[in-house]
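Reading the structure
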Amino acid sequence: MKSAAENLTPTRVKLNVEVPFEELKPNIDAAYRQVAEQIQVPGFRKGKVPSRIIDQRVGRGYVLETAINDGLNDWYQQAVAETGIRPLSRPEVEITEVPDPSATEGQLTFSVEVDVRPEVELPDYAGIKVDVEAVKASDEDVEKSLNDLRSRFGTLKPVDRPAQADDFLTIDLTATVDGEEVDSASGLSYQVGSGTMLEGLDEAVTGLSADEEAIFETELAGGEHAGETAQVNVKVTAVKERELPEADDDFAQLASEFDTIAELREDLEKQAADAKVAQQGIEARDKVLEKLVELVEVPVPDTVIEEQVAAHFNPESGGHAAAEDHDTEEHRAEVKTNTERAFKNEVILDAIADKEEIGVSQNELIEYLISTASQYGMDPNQFAQIMDQSGQVPMMVGEVRRRKALAVVLGQAEVTDSEGNAVDLTDFVRPAGEEASEAEASEEAAAEVIPSDDPAAAKF
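Every residue gets a number counted from 1 within its own chain, in the order that chain's sequence is written. Local features in a predicted model are, by the rule used here, given only for residues with pLDDT of at least 70; side-chain atom pairs are given and counted only at 80 or more, and totals for whole chains, interfaces and linings are based on all residues. Note: side-chain values were computed over all heavy atoms of the structure, leaving out hydrogens and water.

Under an unreviewed UniProt entry, the name given to the protein chain is Trigger factor, and the organism recorded is Sinomonas humi. Among the UniProt annotations of the protein chain, the heading Function (unreviewed entry) holds the following wording: "Involved in protein export. Acts as a chaperone by maintaining the newly synthesized protein in an open conformation. Functions as a peptidyl-prolyl cis-trans isomerase." UniProt positions are given in the numbering used here, feature names are shortened, and annotations may be inferred rather than shown by experiment.

**Some thoughts on the packing of aromatic side chains**
Each aromatic pair joins two rings of Phe, Tyr and Trp (for Trp, the six-membered one) with centres within 6.5 Å, and gets the label stacked for planes under 30 degrees apart, edge-to-face for over 60, and tilted for any other angle. Evaluated as defined, the whole model comprises 2 aromatic pairs. Between Y376 and F383, the ring centres sit 6.0 Å apart and the planes meet at 20°, which makes this aromatic pair stacked. Owing to a relative accessible area of 5%, F383 belongs among the buried residues under this scheme. Note on geometry: a ring has a charge over it if NZ (lysine) or CZ (arginine) is within 6 Å of the ring centre and within 35 degrees of the ring normal. A cation sits over an aromatic face here: R332 above F313, 4.3 Å from the ring centre. In this scheme, a residue with accessible area under 20% of its type's maximum is buried, one over 50% is exposed, and one in between is partly exposed, where area comes from a 1.4 Å probe on protein chains only.

**Here we look at the pattern of salt bridges**
The salt bridge definition used is simple: a Lys or Arg side-chain nitrogen within 4 Å of an Asp or Glu carboxyl oxygen. For the structure shown, the criterion picks out 22 salt bridges. Where D350 meets R117, a salt bridge forms, and the shortest distance between an N and an O atom there is 3.1 Å. Taken together, the residues span a long stretch of sequence, with D350 in helix α9 (residues 329-355) and R117 in the loop between β4 (107-115) and β5 (129-132) at a distance of 233 residues. The residues D350 and R117 share a single accessibility class, namely buried. A single salt-bridge network, built from bridges that share partners, covers R117, E346, D350, E399, R402 and R403. Helix and strand assignments follow DSSP, with helices taken as H or I runs no shorter than four residues and strands as E runs no shorter than two, numbered in order from the N terminus.

**Things to note about a nonpolar patch on the surface**
Residues enter patches when they are more than 30% accessible in relative terms and free of salt bridges; like-charged ones are connected within 9 Å and nonpolar ones (Val, Leu, Ile, Met, Phe, Trp, Tyr) within 5 Å. Note on areas: these come from Shrake-Rupley sampling with a 1.4 Å probe, and a residue is covered only by the protein chains present in the view. Among the surface-exposed residues, V93, I95 and V98 lie close enough to one another that they form a single nonpolar patch of about 220 Å² accessible area. With respect to the helices and strands, the residue V93 is situated in strand β3 (residues 92-97).

**Remarks on a negative patch on the surface**
Charge counting follows a simple rule: Lys and Arg are positive, Asp and Glu are negative, and His as well as the terminal groups are ignored. A charge is said to be at NZ when it belongs to Lys, at CZ for Arg, at CG for Asp and at CD for Glu. On the surface, D139, E140, E246, D248, D249, D250, D259, E263, E266 and E269 cluster together into a patch of negative charge. Put simply, the parts of the chain that give the negative patch at least two residues each are α4 (139-152), α6 (249-255) and α7 (261-295). Top contributing element to the negative patch by residue count: α7, with 3 residues. Along the chain, the position of E269 falls in helix α7. By relative accessible area, E269 is classed as partly exposed at 48%.

**Some points on the UniProt feature "domain: Trigger factor ribosome-binding bacterial" (unreviewed entry) in the protein chain**
Per the UniProt record, "domain: Trigger factor ribosome-binding bacterial" (unreviewed entry) is annotated on residues 1-149. The span residues 1-149 is 40% helix and 24% strand, and its two end C-alpha atoms sit 69 Å from each other.

**Considerations on the sheet that holds strand β1 (residues 2-9)**
A pair of strands counts as paired when DSSP detects no fewer than two bridges linking them. The antiparallel open sheet is built from 4 strands, whose spatial order is β1-β2-β4-β3. Both outer strands of the open sheet, β1 and β3, are each paired with one neighbouring strand and no more. Along the sheet, successive strands turn relative to each other by an average axial angle of 20°, direction set aside. Sheet analysis places β3 next to β4, joined by 5 bridges and oriented antiparallel. Along β4, the bridge assignment pairs E92 with E113. Only C-alpha atoms enter the line fits that serve as axes; for helices the fit covers just the stretch in contact. Angles between N-to-C directions range over 0 to 180 degrees.

Structure (structure tokens):
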């Protein structure tokens, strides 16, 4: 078989494929066997009908057509491998020549047009300069962390006063629409200011004491009356506040592995400093990626982007429901922009991963699977099984590889804060506690899976 690739545009290729008769012959023989199983001819057992009888009954042309259809995908995949293209879309096939049905020689020729991942020219990305906000862990950060920890060990005690922010209430709710009761619940627990129930509830309960009630209007979010305006009566039956344990050595021993509150505070201070570095690292990561997109020209295949946008608004394909307030011209433009940016990000990072010869270890993939499973609230083993059955593991390997590529570039970047100080992000791009040699830095030290908060999370 011969194949050749013709570039139509930077993102679209035409493959010209020639399959000689000797390579087509096995498919013709298989097609005869397939047809023999499908027809019944008096005097012949099923599956034992001779080829000449099949030619008389159904025609050699049908057999040839069956052979071509059955083998077309294999020849296309072989042509893809030979030419080294990376298809992005469904191929459009045109058969231009077939052997004469009565002949035993000749060739099959066909052409395929398909969108492909473009080749890009990478700049020298070592030493990319980015600026981030100057951040420093403060005493307030440490106190907040300590108070958050104390809150986890706090106890609720009833108070005889009006409810205020952060109090814990026990409430009864009754909702009516046009004077008719549509829902009710009693004995509900609610923290003032959490905003986890009905809109307007926080304002209604603030200032109420036990056994007092109020009425407010809100839009119901669920049930058969979802979207309707209801009048809700809320009655407070109990007001409680969280009583925090004293921040002393006893608390440190209860809540941590430390013996003294001084040691606990020191650890919380280190955690706060690490959190600030991570905050700078995320900002630097995003800005480095923006710089790469500015430096690298990436042709975008319009048809692929349009398919992604259409899938986003098509609930049948797993996208979002096309509600009137969702499927708008402005929203489509936003989704298209994000999808184009995601495509450029992936092409650039894949090219960097190729250049840096970045691989993905089994441990790195497992770490990514566990992290992603936790985001969905799923058991890691169950999530991994679903990904494997749906053929998504290669996509996840590619995602980890791209993140490692970005970590490599970030590790070589010159990062300064808004006060002109150099920012050391070594710990941000290297797994905690791992000592790596300089030679390992581009591969092992960049192995940390950096969480992605990019809204353009489309996969190509």
